[in-house]
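Chain by chain, the residues:
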Amino acid sequence: MPLKSRPSRPSTDSLFILPALVLTIGILYPFFLSVYYSLTDYRLGSAAVHFIGLRNYIGLFQDPAFWKSLGLTVGYTIASLILQLGLGLAGALLLNNDVKGIQIARSLIILPLMMPPVIAALMWKIMMAPNGVLNALLGLKEFGWLGTGATALPSLLVIDSWIYTPFVTVILLAGLRSLPQEPYEAARLDGGSWWFVFRKLTLPMLKPFIFVAALFRTIDCLKTFDIVYATTKGGPGDSTMLLQVKAYFASFRHYSMGSALSMMLVLWLVVFVMSRILVKFWLESSKSALGK
Amino acid sequence: MAGVSLVRVSKRYGSLLAVDRVSLEIAPAEFFVILGPAGAGKTSILKMIAGIEEISEGEIRIDGGRVDVRASGDIDAAMIFENYALYPHRTVFENMAFPLKAKCRRGAAVDINNRVAEIARRLEIGGLLERYPAELSGGQKQRVALGRALVRNPRVFLMDEPLSHLDAKLRHQMRRELKKLKESLGTSVIFVTHDYMEALSLADRIAVLNNGRIVQVGTPEEVYFSPENTIVASLFGQPRINLVEGRILVQGERIVFSSEDGALVFPVPLRLKSRLESQKPERVAAGIRPTSVRLVTDPPPGAPPVENVLTEPSGNKSLQHVRVGRVSLSIVGEPAGAPEGRDRLFLDVAAEKVLYFDPSGNRIKES
Amino acid sequence: MTMRAERRDLKSGIKKAAIYGGIALFLVFALFPIFWIFLTSLKTDKDIISSVPKFIFSPTLRNYKAILFGVKAAGTETSRPDFILYFKNSLMITSGAVFVSLAAGVPAAYALARFKFKLKENIAFTFLSFRFAPEIAVIIPIFVIYRSLGLYNTFIGMILVYQLVTLPLIIWIMRGYFEDIPESLEQAAKLDGYSRFAIFRKIALPLVKPGLASTAILSFIFAWNNFIFGLVLGAKETFPVTVGTLGFISYESVLWGQMAAASIVTILPEVIIAFFIQKYLVRGLSMGAVRG
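Basis of the calculations
Residues numbered from 1 in each chain as written. Chains lettered and ligands numbered in written order. Predicted model: local features only at pLDDT ≥ 70, side-chain atom pairs only at ≥ 80, totals over all residues. Helix = DSSP H or I, 4+ residues; strand = E, 2+ residues; numbered from the N terminus. Buried ≥ 20, exposed ≤ 12 C-beta atoms within 10 Å, placed from the backbone. Contact = placed C-beta atoms within 7 Å. Rg over C-alpha atoms; globule rule 2.2 N^0.38 Å. Pairing = 2+ DSSP bridges. Axes fitted to C-alpha atoms, helices over the stretch in contact; angles between N-to-C directions. Core = buried A, V, L, I, M, F, W, Y, C linked by C-beta atoms within 7 Å. Left-handed = near helix turned anticlockwise from the far one by under 90°. Nonpolar A, V, L, I, M, F, W, Y, C, P; charged D, E, K, R; others polar. pLDDT = per-residue confidence, 0-100. Expected span 1.5 Å × (residues − 1). Bend = angle between axes of the 7 residues up to and from the residue.

Visitor: Could you clarify how one ought to interpret the overall build of chain B in this entry?
Guide: Along chain B, the regular secondary structure elements total 10 helices and 20 strands. Overall size of chain B, expressed as C-alpha extent along the three principal axes, is 80 × 45 × 35 Å. Put simply, chain B has 367 residues, and 39% of those count as buried. Across chain B, the fraction of contacts at a sequence separation of at least 24, relative to all contacts at a separation of at least 6, is 66%.

This is the structure we're talking about:
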């Protein structure tokens, strides 16, 4: 017997997803254009565009400035992860106690996260000025945190952590609050120390959340732009020239779009690879946390 | 008033065959129950009739017309879901009026207010019309779901385990009300459940479903007293029917059943005598209902003694678990429990009522 | 009281003090910069650049007057009167972007949640992948395209680009909310004869209203905070307030006080909103990876 399927209305059904799809294609087109341009010698304002194959990429890999930038970006990301995951976990553990006024604390802690990173960076720029309040509180005289090569990137790290540690805290706090209570009650009966319970119970069950937080922080740190542009613009020298900042200047100061895009596509690849790895860890830890 | 027929209907979920070539004929105005354990495929069948699921193979007809190729709204069947599926953001009145406001029904001249009020009155939920589902009890929600199905006057009612989330007392009450409703409805009802008591009490006919296949279709009497196989026999009855492995022995004029170790022996029913004599299957299973056996102190000849009597009083009857040789049996008896005294107890089997099953589980019937 | 009871009380007392102390530490660190900038916005420029940062000073509303009403009203020497314009720009761009994303994204989210069709997960992943891409990679081609199409420095252009920020978020979060609705509700309506679109409008949409509101607010915040798109694809007429605030820094002078005031005004709406959506934050921040 021929199998007929029920009549639906394919026209109205596809209308649901059509607008989003159109927008997506509108955005995908530039992506593909990026790939194309990265293989050309396109310079803004010049009419001639020549296909030069992988020359941009080769040039990139032979340029020590690129490697320095990549190194700074990756290093910055790793340092961010360590600092923010650690502090974020501490914050989540603290906020996981139902003491009086905890709700207000939880609402206040997210304020740094809610404001534009540019504004946050400007705030810190004011505070980190040589005659700024930071030096006053530390008892230092006239030290330019953002203007000194050795301290510029660490200072940006501080700003980044100020903004985004609450993000980690919020995610981990949600994780802590979603954990089942029974294992803890059993452990308490068995008389385990706090550290033991934390290591053997809390941490493994919290792993999926840690990986989610790590995923988003990794992606965003690799792509850092706002904070750098608002404060140091890559300087002093190129001690804070993270990849996306470098690409910006390559495009809009030096107008070499082709090489800028090759840089960005490499960055994209790094982001993609790191994401895949972290997502894999996340999925695995999700399964083991549920005991599968 | 419509009859429903399923012709070799199958449903596949990926590589899983949930429903396997099921064919059923449901008469107009019949209360038809599909009984089976969880995962047997009952809900899938209901959803396919309703048009909520696609059929992998076969045809479904209502009143002779094919419905498996029509959109749900055109099928004119109403369904009551296991957890009622009431719209939480709408009042009881709006929930019940909802089916009547669908575009496809706009044309029909129905006074919505009156109709809803009338159905609400019949179901005794008239006072709840302005409440929201969250404020209702389980039984009330159930009635609203019923009301929502009734307002449409559908050709077929589909009910997916509607009573399973109610507590025991409420369940009995709702069962009585459904029976009353059934008389006045006059519409076909297809009722799905895993509770055999519901099936026996409500059904005109029962279809037993196991692993996606129909095992037996029959009236409540037929499935209880004449089960097709051990699966059906085990399904009905609490405690379950005692299945004793053994063999048929010919002792001169008598044909008897003997358990494996020979401890339990009793004659076969007269009606099966010739059948078992001529085509003597070596091994059989004897199905002894807990109600077809009792304990006595004054045994008829051949009645074996029992050991390890464990009594579970349960109100108006008592359960006894005994052993005869290596065979364990459950007996349902009088509330007084085991007969008084320290006398030895013996097993008295109502041999005529025993059912017999061949090695593949099918019941041995008189030819 | 027994010795043991006393010790227990002491222990829990110490624990509580430690918790409060830790939280206080976090809160001070999180809120001090905001507090300091607020103070700064009330200082005259003389007070600001004094070599010793002042906690005690006589406050003035001059900076606020300057950015809101212009030079004359403030009586300051110089000012950038465009702040109001930039604020309006942000309002228009952000609202427009969120509106478009809701219109396109919510039906798409429903389709992803309920429909069965080929390539569904591929399309879903594509929507998500925009989160991973470095902005510059997209901006350069879009920059070129916009200039040729005349979309550079237009509101429509900005609203379209901002879809990169708002659309993935809305689709992924709302998909989760739609999936949370029990299917039996929609099946019951289907049986009653309602079309897909009617079910979407009358059953699904009303049931996700709280999630919808919080998602819209969250995407508003992310769009408001964006910096790079406005920087590259806009000019004075369309600069959002994030870009505008940087304008207080120029080669001649830095108008610290006004910059501080502008920062406070910029973050004020978000700070207020943050209080209300605190509950729904987790789902939004993690793009639905964490239920919360």
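Next comes the rest of the account.
Visitor: How do you make sense of the overall build of chain C when you look at a structure like this?
Guide: A tally of regular secondary structure across chain C gives 15 helices and zero strands. Whereas a compact globule of 292 residues would reach a radius of gyration of roughly 19 Å, chain C reaches 25 Å, over 25% beyond that. Taking the principal axes of the C-alpha coordinates as reference, chain C spans close to 85 × 75 × 30 Å. Here chain C holds 292 residues, and the buried ones make up 48% of them. Residue pairs at least 24 apart in sequence account for 74% of intrachain contacts in chain C once pairs closer than 6 positions are excluded.

Visitor: Explanation requested: the sheet that holds strand E11 (residues 242-251) of chain B in the structure shown.
Guide: Paired through backbone hydrogen bonds, the strands of a sheet run either parallel or antiparallel to each other. Residues and elements named next belong to chain B. The five strands are arranged E13-E12-E11-E14-E20 in an open sheet whose pairing can be described as antiparallel. What marks the edges here is a single partner per strand, and that holds for strand E13 (265-267) and strand E20 (355-357). The average angle at which neighbouring strand axes cross in this sheet is 40°, direction not considered. Here E11 runs beside strand E14 (residues 283-288); their pairing, made up of six bridges, is antiparallel. Bridge pairing in E14 links Gly246 to Val284.

Visitor: Just checking my understanding: could you explain the nonpolar core for this structure?
Guide: Inside soluble globular proteins, nonpolar side chains tend to come together where they are buried. Grouped together as the largest cluster of nonpolar side chains are 275 residues, with contacts concentrated most on Ile171(A), Leu158(B) and Ile190(B). Not counting the four nearest positions on each side in its chain, Leu158(B) is found in contact with Leu46(B), Ile49(B), Ala50(B), Ala77(B), Ala78(B), Met79(B) and Ile190(B).

Visitor: Sorry if this is basic, but what is going on with the pairing of strand E17 (residues 317-324) of chain B here?
Guide: Put simply, side chains in a regular strand alternate between the two faces of the sheet. All names here are of chain B. With six bridges joining them, strand E16 (residues 307-314) and E17 adopt antiparallel strand pairing. The residue bridging Leu310 from the neighbouring strand is His321, located in E17. The pairing of E17 with strand E18 (residues 327-333) spans seven bridges and is classified as antiparallel. Directly across from Val322, in E18, lies its bridge partner Leu329. In this structure, the hairpin formed by E17 and E18 is closed by a connection of two residues, where Gly325 is found at a positive phi of approximately 60°.

Visitor: How do you make sense of the packing of helix H13 (residues 257-289) of chain A against helix H7 (residues 135-149) of chain C when you look at a structure like this?
Guide: For any two helices packed against each other, the geometry comes down to the angle between their axes and how far apart the axes lie. Between H13(A) and H7(C), the shortest axis-to-axis distance is 8 Å and the interhelical angle comes to 145°. For the element pair H13(A) and H7(C), the recorded crossing hand is left-handed. Listed contacts from H7(C) to Met257(A), Ala260(A), Leu261(A), Met264(A), Leu265(A) and Trp268(A) of H13(A) are Ile136(C), Ala137(C) and Ile140(C). Of the residues in the contact of H13(A) with H7(C), the class split is nine nonpolar, no polar and no charged.

Visitor: Mind showing me how you'd approach the confidence of the model for chain C here?
Guide: Caution applies to low-pLDDT regions: their predicted coordinates should not be interpreted in detail. With 92% of its residues at a pLDDT of 70 or more, chain C has an overall mean of 85. Complex prediction metrics read pTM 0.86 and ipTM 0.87.

Visitor: Any chance you could explain the interface of chain A and chain C here in plain terms?
Guide: As a measure of interface size, the accessible area lost when the parts come together is often cited. Counting residues at the interface gives 71 residues for chain A and 74 residues for chain C. A total of 14 residues in the side of chain A that touches chain C trace back to one element, the largest contributor, which is helix H1 (residues 10-38) of chain A. The residue inventory of the side of chain A that touches chain C, partitioned by class, reads 55 nonpolar, 11 polar and five charged.

Visitor: Whenever I open this one, the sheet that holds E18(B) confuses me. Can you help?
Guide: All names here are of chain B. The strand order across the open sheet built from three strands is E16-E17-E18, with neighbouring strands paired in antiparallel fashion. Only two strands of the sheet have a single partner each, and these edge strands are E16 and E18. Going across the sheet, the axis of each strand differs from the next one's by a mean of 15°, ignoring polarity.

Visitor: I tried to follow the interface of chain B and chain C on my own but got confused; where do I start?
Guide: Tallying the contact residues gives 18 residues for chain B and 14 residues for chain C. Looking at the side of chain B that touches chain C, the elements that each hand over two or more residues are helix H2 (72-75) and strand E6 (77-80) of chain B. Of all the elements, E6(B) adds the most residues to the side of chain B that touches chain C, at three residues. Across the side of chain B that touches chain C, the residue classes tally to 12 nonpolar, four polar and two charged.

Visitor: Sorry if this is basic, but what is going on with the environment of Arg326(B) here?
Guide: Residues and elements named next belong to chain B. On the secondary structure map, Arg326 appears in the loop between E17 and E18. Classification of Arg326 by C-beta neighbours within 10 Å gives exposed; the count is 12. If sequence neighbours within four positions are ignored, Arg326 has contacts with Glu260, Asp261 and Ala263.

Visitor: Looking at this structure, how should I read the pairing of E6(B)?
Guide: All names here are of chain B. Taking every second residue as pointing to the same face, both faces of E6 are buried, with Ala77 and Met79 on one and Ala78 and Ile80 on the other. Note that E6 and strand E7 (residues 156-160) share four bridges and pair parallel. By the bridge assignment for E7, Met79 is matched with Leu158.

Visitor: Is there a simple way to think about the confidence of the model for chain B in this case?
Guide: Confidence along chain B averages 86 in pLDDT terms, with 94% of residues attaining 70 or more. Within chain B, the element-level pLDDT minimum falls on H2(B), averaging 78, and the maximum on strand E3 (residues 31-35) of chain B, averaging 93.

Visitor: Just checking my understanding: could you explain unusual backbone geometry for this structure?
Guide: Residues apart from glycine generally show negative phi values, whereas peptide bonds are mostly found in trans. Here Gly235(A) and Pro236(A) are connected by a cis peptide whose omega angle stands at -5°. Mapped onto the elements, Pro236(A) comes out in the loop between helix H11 (226-231) and helix H12 (243-252). For the bond running from Gln238(B) to Pro239(B), omega is 0°, close enough to zero to count as cis. On the secondary structure map, Pro239(B) appears in the loop between helix H9 (230-235) and E11. At Ala29(B), a position not held by glycine, the phi torsion is positive, near 65°. Within the element layout of this structure, Ala29(B) appears in the loop between strand E2 (16-26) and E3. Taking the number of C-beta atoms within 10 Å as the measure of exposure, Ala29(B) has 15 and is therefore partly exposed.

Visitor: Any chance you could explain helix H8 (residues 155-180) of chain C here in plain terms?
Guide: Within an α-helix, residues lying three or four positions from one another point in the same direction, as the helix has 3.6 residues per turn. In this model H8(C) runs 36 Å from its N-terminal to its C-terminal C-alpha over 26 residues, within 8% of the 38 Å that 1.5 Å per residue would give. Maximum bend of H8(C): about 45°, positioned at Leu164(C), with proline Pro168(C) one to four residues after it.

Visitor: Would you explain the packing of helix H5 (residues 83-114) of chain C against H8(C) in this entry?
Guide: Residue and element names in this part refer to chain C. Viewed as axis vectors pointing N to C, H5 and H8 meet at an angle of 35°, and their least axial separation amounts to 6 Å. For the crossing formed where H5 meets H8, the hand is right-handed. In terms of residue class, the contact of H5 with H8 is built from 22 nonpolar, five polar and three charged.

Visitor: Where do I start with the environment of Ala188(C) in this structure?
Guide: Along the chain, Ala188(C) turns up in helix H9 (residues 183-191). Excluding its chain neighbours within four sequence positions, the residues that come into contact with Ala188(C) are Met79(B), Phe81(B) and Ala85(B).

Visitor: What am I meant to see in the environment of Thr218(A) here?
Guide: On the secondary structure map, Thr218(A) appears in helix H10 (residues 194-222). Each residue touching Thr218(A), except ones within four places of it in the same chain, is listed here: Thr77(A), Leu81(A), Met274(A) and Leu278(A).

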